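# Residue-level structural notes
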Amino acid sequence: MTILLLGSGGREDALAWRLAQSPSCQRLIAAPGNPGIARWAQCVALDPCDVVGVVALARAEAVDFVVVGPEAPLVAGVGDALRAAGIAVFGPNADAAQLEGSKGFTKDLCAANAIPTAGYVRVATVAEAMAALDTFSIPVVIKADGLAAGKGVTVAMTRNEAVDAITRAGDGAMVIEQFMEGEEASLFALVDGPHAVAFASAQDHKRVGEGDTGPNTGGMGAYSPAPVLTAALERRAMDEIILPTARAMAAAGTPFSGVLFAGLMLTRDGPSLIEYNVRFGDPECEAIMPRVEGDFAALLYGAATGALSAPVLSDDTTMTVVIAASGYPGTPIAGGTIRGIDSAEQLGGVSVFHAGTRLDEHRLVASGGRVLAVTAKGSSLADAHARAYAGVAAIDFADGFHRRDIGWRELERVS
Ligand code: AMP
Ligand code: GLY
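Residues numbered from 1 in each chain as written. Chains lettered and ligands numbered in written order. Predicted model: local features only at pLDDT ≥ 70, side-chain atom pairs only at ≥ 80, totals over all residues. Heavy atoms only, no water.

## Describing the overall build of the protein chain
Which entries qualify depends on this criterion: Helix numbers and strand numbers start at the N terminus; a helix is a DSSP run of H or I with at least 4 residues, a strand a run of E with at least 2. Relative accessibility thresholds used throughout: buried, under 20% of the residue-type maximum; exposed, over 50%; partly exposed, between the two (1.4 Å probe, protein chains only). The contact rule is simple, with two residues in contact once any of their heavy atoms fall within 4.5 Å. Note that accessible areas follow from Shrake-Rupley with a 1.4 Å probe, and for residues the cover is restricted to the protein chains shown. This count recognises Lys and Arg as positive and Asp and Glu as negative, with His and chain-terminal groups excluded. Here the site of a charge means atom NZ of a Lys, CZ of an Arg, CG of an Asp or CD of a Glu.
On a plain count of helices and strands, the protein chain comes out with 14 helices and 24 strands. Expressed along its principal axes, the backbone C-alpha trace of the protein chain runs to roughly 60 × 45 × 40 Å. By the burial criterion, 54% of the 415 residues in the protein chain qualify as buried. Taking contacts inside the protein chain between residues at least 6 apart in sequence as the whole, the part at least 24 apart equals 69%. Within the structure as shown, the protein chain displays about 15,800 Å² of accessible surface, and the carbon and sulfur contribution to it stands at 53%. Looking at charge distribution, the protein chain has the averaged site of its 31 positive side-chain charges lying 1 Å from that of its 47 negative ones.

Here is the structure:
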């Protein structure tokens with residue numbers, strides 16, 4: 001089949017790499033893609049949120065199947081428009097994308113279906129928020145509603161911090177919720193209406209600094225699987241969180257289709273939902289893709305067309321280390337020269353995915369906050385770690401930085 005992949009980051013480079021290796025993928029087009037994706041796909045300059053343009057491109061190129069990488073086109077209704085045009089799509093319609101687009105929507109769905117999540121109150125004004133604050137113990141979490149790329153969340157360790165966060169947010173939809181104690185893990189599930197199968201687990205590092213300190217980022221590294229999410233806990237997360245969500249969405253007439261990414265807190269009482277995303281994680285996807293065996297394009301196509309099947313993943317462990325441009329997550333330095341990707345990829349088990357790069361004449365330069373996602377596969381986490389950091393060392397990018405401690409929690413447990 002001819003597949004169109006939407007997006008331009010490291011996640012999409014990893015998806016493109018794996019889709020292009022699939023026997024059922026005859027032709028791969030990416031919009032807009034990036035220089036890494038151009039290794040596996042024909043790139044077309046088109047904004048994935050231009051819903052009309054995406055449908056027109058899919059028609060013009062006789063596309064059989066569209067795989068949507070990021071959430072914004074889904075929230076903008078690209079899934080609806082493609083389905084209306086009779087084109088198969090991996091990714092939910094806009095109404096089901098609310099699971100990511102609106103924190104309040106997801107909290108209400110959890111409450112109505114007894115899905116474990118932190119206790120919460122939805123408020124619409126600063127005054128309501130201040131009044132609600134006194135019904136919570138400290139620490140407390142303040143979340144702006146709507147897509148905020150992880151930046152709309154304050155974990156307030158004192159009442160003053162909470163008051164500051166509410167004041168800064170100003171009037172508008174907000175969720176105030178109870179702080180949960182535990183370790184975080186991510187679970188990815190393929191969902192087709194009321195049906196769901198576990199895909200893979202991972203753990204990412206959202207903070208910019210070593211030891212998980214400093215401001216939040218999109219993610220500075222990840223590894224898969226996350227052994228902290230044991231088979232028994234994964235089963236509980238499927239039974240108590242993912243499946244009830246899939247059934248509730250289907251019953252409401254807004255069935256979910258695609259990958260549901262659950263951010264879980266592993267509390268003393270079991271897995272509890274922190275948030276949903278309606279797409280693969282970035283950089284979790286880069287870590288997961290090298291573990292996928294079999295025809296990945298056929299797996300996603302089946303999930304999108306009523307033939308959901310269980311994925312097969314290798315027993316390898318993978319690790320992704322993000323190289324970001326200096327200044328990230330503030331204003332990153334743009335235009336720094338990148339060399340050495342080929343040398344890194346000559347090392348055993350290493351793949352270098354492009355997250356924020358562009359070609360300046362024939363020179364590869366940085367064009368984003370997160371620039372490269374260096375991924376390695378190993379027989380253990382320590383092995384994957386050694387290989388990934390050897391890959392990072394082979395890359396010459398003077399304006400970049402990376403965390404040296406990706407996977408530290410698990411590495412401490414196994415050593
Ligand atoms: P979110 O955007 O909802 O995933 O929140 C971003 C981060 O804030 C999460 O990855 C957690 O580290 C933290 N967080 C969010 N909600 C809670 C909570 N109820 N308890 C503890 N930490 C939380
Ligand atoms: N790495 C977290 C995310 O993709 O939202």
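Right, picking up where we left off after that structure.
## Structural notes on helix 1 (residues 10-20)
Residues spaced three or four apart along an α-helix face the same direction, because each turn holds 3.6 residues. Summarising burial for helix 1: 10 of the 11 residues are buried, a large majority. When we look at burial in helix 1, the residues that qualify are Gly10, Arg11, Glu12, Asp13, Ala14, Leu15, Ala16, Trp17, Arg18 and Leu19.

## Quick notes on the pairing of strand 22 (residues 363-366)
Our working definition: For two strands to be treated as a pair, DSSP must find no fewer than two bridges joining them.
Note: strand 21 (residues 357-360) against strand 22, four bridges, orientation antiparallel. For Leu359, the partnering residue across the bridge sits in strand 22 and is Leu364. With antiparallel pairing between neighbouring strands as the criterion, strand 21 and strand 22 make up a hairpin whose turn holds two residues, including Glu361 at a positive phi of roughly 60°.

## Considerations on the pattern of salt bridges
A side chain of one charge can pair with a side chain of the opposite charge when the charged atoms of the two come close. Rules: Definition used for salt bridges: Asp or Glu carboxyl oxygen within 4 Å of a side-chain nitrogen of Lys or Arg.
Counting across every chain of the model gives 25 salt bridges. A salt bridge links Arg159 to Asp134, with the nearest nitrogen and oxygen atoms 2.9 Å apart. Of this pair, Arg159 sits in helix 8 (residues 159-169) while Asp134 sits in the loop between helix 7 (126-133) and strand 7 (140-144), placing them 25 residues apart in sequence. Take Asp134: its relative accessible area is 53%, and that puts it in the exposed class. Asp212 is the salt-bridge partner of Arg403, the closest N and O atoms lying 2.8 Å from each other. In this pair, Arg403 sits in the loop between strand 24 (400-401) and helix 14 (408-414) while Asp212 sits in the loop between strand 12 (207-209) and strand 13 (213-216), placing the two residues 191 residues apart along the sequence.

## Some remarks on the site of ligand 1
Keep this limit in mind: The criterion for a residue being near a molecule or strand is simple. One of its heavy atoms has to lie within 4 Å of it. Each polar contact in these results corresponds to two N or O atoms within 3.5 Å; when the atoms are within protein, one needs to be able to donate a hydrogen and the other to accept it, and residues that are neighboring in sequence are counted only if both atoms are side-chain atoms. Residues are grouped as follows: nonpolar covers Ala, Val, Leu, Ile, Met, Phe, Trp, Tyr, Cys and Pro; charged covers Asp, Glu, Lys and Arg; every other residue, Gly included, is treated as polar.
Taken together, the neighbourhood of ligand 1 is formed by 15 residues, with Glu177, Gln178, Met180, Glu184 and Glu275 sitting nearest. At a separation of 3.3 Å, an oxygen atom of ligand 1 approaches a polar side-chain atom of Lys103. In this structure, Gln178 approaches ligand 1 through a main-chain N or O atom, which is 2.9 Å from a nitrogen atom. Contact with the protein chains removes 91% of the 470 Å² of surface that ligand 1 exposes when unbound. When contributions to the shell around ligand 1 are tallied by element, the ones reaching two or more residues are strand 7, strand 8 (153-156), strand 9 (174-178) and strand 16 (270-277). In terms of residue class, the shell around ligand 1 is built from eight nonpolar, one polar and six charged.

## Quick look at the sheet that holds strand 9
In plain terms, the rule: Every axis corresponds to a line fitted to the C-alpha atoms, with the helix fit spanning only the stretch in contact, and the corresponding angles, defined between N-to-C directions, vary from 0 to 180 degrees.
Ordered by their spatial adjacency, four strands build an open sheet running 6-9-7-8, and the pairing between neighbours is antiparallel. Of all the strands in the sheet, just strand 6 (120-123) and strand 8 have a single pairing partner and so form its edges. Shown here is a sheet whose adjacent strand axes are inclined to one another by a mean of 15°, direction ignored. Relative to strand 9, strand 6 runs antiparallel, the two being bridged by four bridges.

## Looking at the packing of aromatic side chains
Selection criterion: Two rings belonging to Phe, Tyr or Trp (six-membered ring only in the last case) form a pair when the distance between their centres is within 6.5 Å. Interplanar angles under 30 degrees mark stacking, angles over 60 mark edge-to-face geometry, and anything in between is tilted.
Counted under the stated rule, the structure contains seven aromatic pairs. Each ring, one from Trp17 and one from Phe353, has its centre 5.5 Å from the other, and the planes form 65°; the classification is edge-to-face. With Trp17 in helix 1 and Phe353 in strand 20 (residues 350-354), this pair connects stretches of sequence that are 336 residues apart. Like Trp17, the residue Phe353 is buried in the burial classification. Clustering of aromatic rings is evident, with ring pairs tying together Phe90, Phe188, Phe199, Phe261, Phe280 and Phe296.

## With respect to helix 6 (residues 103-112)
Turning to helix 6, its buried residues are Lys103, Gly104, Thr106, Lys107, Leu109 and Cys110. Directly beyond the C-terminal end of helix 6, a positive phi value near 55° is found at Ala114.

## A look at the site of ligand 2
Close to ligand 2 lie Asp204, Gly218, Phe261, Asn277, Arg279, Gly281, Asp282, Pro283 and Glu284, which account for all nearby residues. One of the side-chain N or O atoms of Asp204 is found 2.9 Å from a nitrogen atom in ligand 2. The side chain of Arg279 places a nitrogen or oxygen atom 3.0 Å from an oxygen atom of ligand 2. Alone, ligand 2 offers 200 Å² of accessible surface; in the complex the protein occludes 89% of this. In terms of residue class, the shell around ligand 2 is built from two nonpolar, three polar and four charged.

## Structural notes on the environment of Ile29
Mapped onto the secondary structure, Ile29 falls in strand 2 (residues 27-32). C-alpha separation for the pair Ile29 and Thr2, spaced 27 residues apart in sequence, amounts to 7.7 Å. Every residue in contact with Ile29, bar those within four places of it in the chain, is listed here: Thr2, Ile3, Leu4, Leu5, Ala41, Gln42, Val44, Glu61 and Val63.

## Overview of the pairing of strand 11 (residues 195-204)
Within strand 11, eight of the 10 residues are buried, which leaves the element mostly enclosed by the surrounding structure. Across seven bridges, the pairing between strand 10 (residues 183-192) and strand 11 is antiparallel. Across the sheet, the residue bridging to Leu187 is Ser201, located in strand 11. In this structure, the hairpin formed by strand 10 and strand 11 is closed by a connection of two residues, where Gly193 is found at a positive phi of approximately 60°. Note that strand 11 and strand 14 (residues 221-224) share two bridges and pair antiparallel. Bridged to Gln203 within strand 14 is Tyr223.

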